[in-house]
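# Descriptive structure summary
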Amino acid sequence: MRTAALREWRCVLTWVAVLVVILPAQGQHSGVSRAGQAVGPGNRLHHQHAPHSQKDVSLPLSSHECVVEDGKPEHRVCIFKNIVLWEGQLQYVAHGELVLPAIDINWLEPERLNIQVVQQDDLPQAWSSAQVEDVPLALLGHQVNFQNYYHVFIETLPTWHNVMCKYLDLCNYDEGSPVQLWLLEERGDHLTGLTAHLPALNHLYSCLSPTPPRHIKEHTNYGQVVVFEKAIAGMGPDVRAFHQWRPRFFDHFVASSAESMHSWRHRLAQCLAAPFDTAVASQKPVRVTIVNRSYKAGRHLLNAGELQARILGKWAHSVVQVVDLQGLDLHQQIALFQQTSILIWTHGAAMADLLFLPQGAGAIELIPWPHAEQAHEWAQSLAADFDLHVQVAWTRLTDVSHLHYQTEVLFKDPTWQALTDEERLLFLEKGTCPGKSNTPLHMLCRNHWMHYLVSFVQPWEPLEKLLDAAHSFVQNQNFPAVSVVT
């Protein structure tokens, strides 16, 4: 036993000696001492050695490769290696003069990746003692309308999936994926709890990355050096987005392919353990779901109960329910939509959940704006881009008397109080917004008063026609997507 014990001690001492020799050599080579503390899947935390001079702050040089599929610079996608995040600013470590190519990150506005070139010999002295975090693989992405469930779920995340699939060959859900999402959009000082106001998005982000998204200007990143061993930025030519009033989108981008969006839906179904991409709409009974919004949220359907009773009177054996999605988590919403044969909803973020409808379902959107200048094509574009086997229809109010404003809120608005009596009457009696088109006053009226301070009554007659068409579609199980408008 004594011999065995001595043999074990000799082994221990041998390994200690090896480590004593190896670790200083590694530190001299890289300028860092690996602590091995995990901060995410594959991430490593370590500290820089305090150098004798600024030049001792050593980081590997950055590099990049870019792809421009069609020669248009706004479609450039670049893969970086060893770029750095310091105090909220992306840095490219170079040796000698270098001009980086422009990389567009926003499909609605001309906005480009903000990354600065820093010379390896001029690295900040503060880096010498800073904690360093290594990120193996990151997607650097900009979220358009990041506070809106629809825009993030139906536009941003499918576009990121398309980028990951096309340029990184990461097309399927992987709970151990090395990808981390790093957000670039400007948010002012409101960086804490990035998705606290939209908890459903936490589940959806996890379908792309097992770790919650981080913002490059999040305060927890300050005071440390974040090294992205590999990072991808850019959108490519095909974007899953739609904005019928923004010509930039149609001038510069095309919709993502049906194959890519089928892949995205399959990824979601795997991630959320819900086979909504293969479910078929119930015919017996026909299940009608009316999604309503709360009064305070705006666009509240005042006669939802009456419509529910009329539908039950029309189809005695149907199942009709009125729901508010605000009280449901994502999995409850998926279960609700999977069991829906005909969906009725007021225009809003609930439109995103059309993705969870079964094949052969009907969907009817209620538009409470009598003076809408164009056909409302958001839901139709969603159904077409995702190749949903769903009939999409919409109906718009034509009588202003069916609108009811939250005057208890509106009348206290200083902007409202500054209007002339004539402007107030035109708005209340005819729904006419004050000011010239696209002026701040006019846009406040259209985008706030008409969106969030209005409720409405939906007439039965135009809705009944669309219900009949949807019912026929459900019973016939004709899967090619159809668009019906009144």
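Residues numbered from 1 in each chain as written. Predicted model: local features only at pLDDT ≥ 70, side-chain atom pairs only at ≥ 80, totals over all residues. Heavy atoms only, no water.

## Regarding the sheet that holds strand 15 (residues 300–301)
Within a sheet, adjacent strands bond to each other through the backbone by hydrogen bonds, running parallel or antiparallel. Ordered in space as 15-21-20, the three strands form an open sheet in which the pairing is mixed. Both edges of this open sheet fall to strand 15 and strand 20 (403–405), since each of them pairs with a single strand only. When strand 15 meets strand 21 (residues 454–456), the two strands line up parallel, connected through two bridges. Its bridge partner lying in strand 21, His-300 is registered against Ser-455. In the packing of helix 12 (residues 440–452) onto the sheet, contacts are made with strand 20 and strand 21, and the angle to strand 21 comes to roughly 50°. (Pairing = 2+ DSSP bridges. Helix = DSSP H or I, 4+ residues; strand = E, 2+ residues; numbered from the N terminus. Contact = heavy atoms within 4.5 Å. Axes fitted to C-alpha atoms, helices over the stretch in contact; angles between N-to-C directions.)

## What to know about the packing of aromatic side chains
Per the stated rule, a full pass over the model turns up twelve aromatic pairs. On the basis of an interplanar angle of 65° and a centroid distance of 5.9 Å, the ring pair of Trp-86 and Trp-127 is categorised as edge-to-face. Linking Trp-86 in strand 5 (residues 83–86) with Trp-127 in the loop between strand 7 (115–119) and strand 8 (131–135), this pair joins segments that are 41 residues apart in sequence. Residue classification places Trp-127 among the buried residues on the basis of a relative accessible area of 0%. Within the aromatic cluster, the residues linked to one another by ring pairs are Tyr-405, Phe-411, Trp-416, Phe-427 and Trp-449. Positioned over the ring face of Tyr-452 is Arg-299, at 5.2 Å from the centre of the ring. (Phe/Tyr/Trp six-rings, centres within 6.5 Å; stacked < 30°, edge-to-face > 60°. Buried < 20%, exposed > 50% of the residue type's maximum accessible area, 1.4 Å probe, protein only. Lys NZ or Arg CZ within 6 Å of the ring centre and 35° of its normal.)

## Concerning helix 8 (residues 378–385)
Where burial is concerned, most of helix 8 is hidden: seven out of the eight residues are buried. Taken residue by residue, helix 8 has Trp-378, Ala-379, Gln-380, Ser-381, Leu-382, Ala-383 and Asp-385 as its buried positions. Count one or two residues on from helix 8 and you reach Asp-387, which has phi positive near 55°.

## What to know about the confidence of the model for the chain
Low pLDDT marks stretches whose predicted atomic positions should not be read closely. For the chain, mean pLDDT is 83; residues scoring 70 or higher make up 81% of the total. Note on residues 1–38: pLDDT under 50 across the span, and 28 contacts to partners over four residues away in sequence or across chains. Note that pLDDT drops below 50 for residues 481–486; the model gives that stretch 19 contacts with residues more than four away or on any other chain. (pLDDT = per-residue confidence, 0-100.)

## With respect to the packing of helix 2 (residues 149–168) against helix 5 (residues 258–272)
Orientation of helix 2 relative to helix 5, taken along the N-to-C sense of each, is 105°, at an axis distance of 10 Å. Considering the angle they form, helix 2 stands roughly perpendicular to helix 5. Between helix 2, through Phe-153, Leu-157, Pro-158, His-161, Asn-162 and Met-164, and helix 5, the contact on the second element is made entirely by Ser-260, Met-261, Ser-263, Trp-264, Arg-267 and Leu-268. Taken together, the residues of the contact of helix 2 with helix 5 break down into seven nonpolar, four polar and one charged. (Parallel < 35°, antiparallel > 145°, perpendicular 65-115°, else oblique. Nonpolar A, V, L, I, M, F, W, Y, C, P; charged D, E, K, R; others polar.)

## A look at the pattern of salt bridges
Counted under the stated rule, the structure contains ten salt bridges. The residue Arg-112 makes a salt bridge to Asp-104 at a minimum N-O spacing of 3.1 Å. Classification of Arg-112 as exposed rests on a relative accessible area of 52%. For Asp-104, a relative accessible area of 5% gives the class buried. Connected through salt bridges with shared partners, the residues Glu-69, Lys-166 and Asp-238 form a single ionic network. (Salt bridge = Lys/Arg side-chain N within 4 Å of Asp/Glu carboxyl O.)

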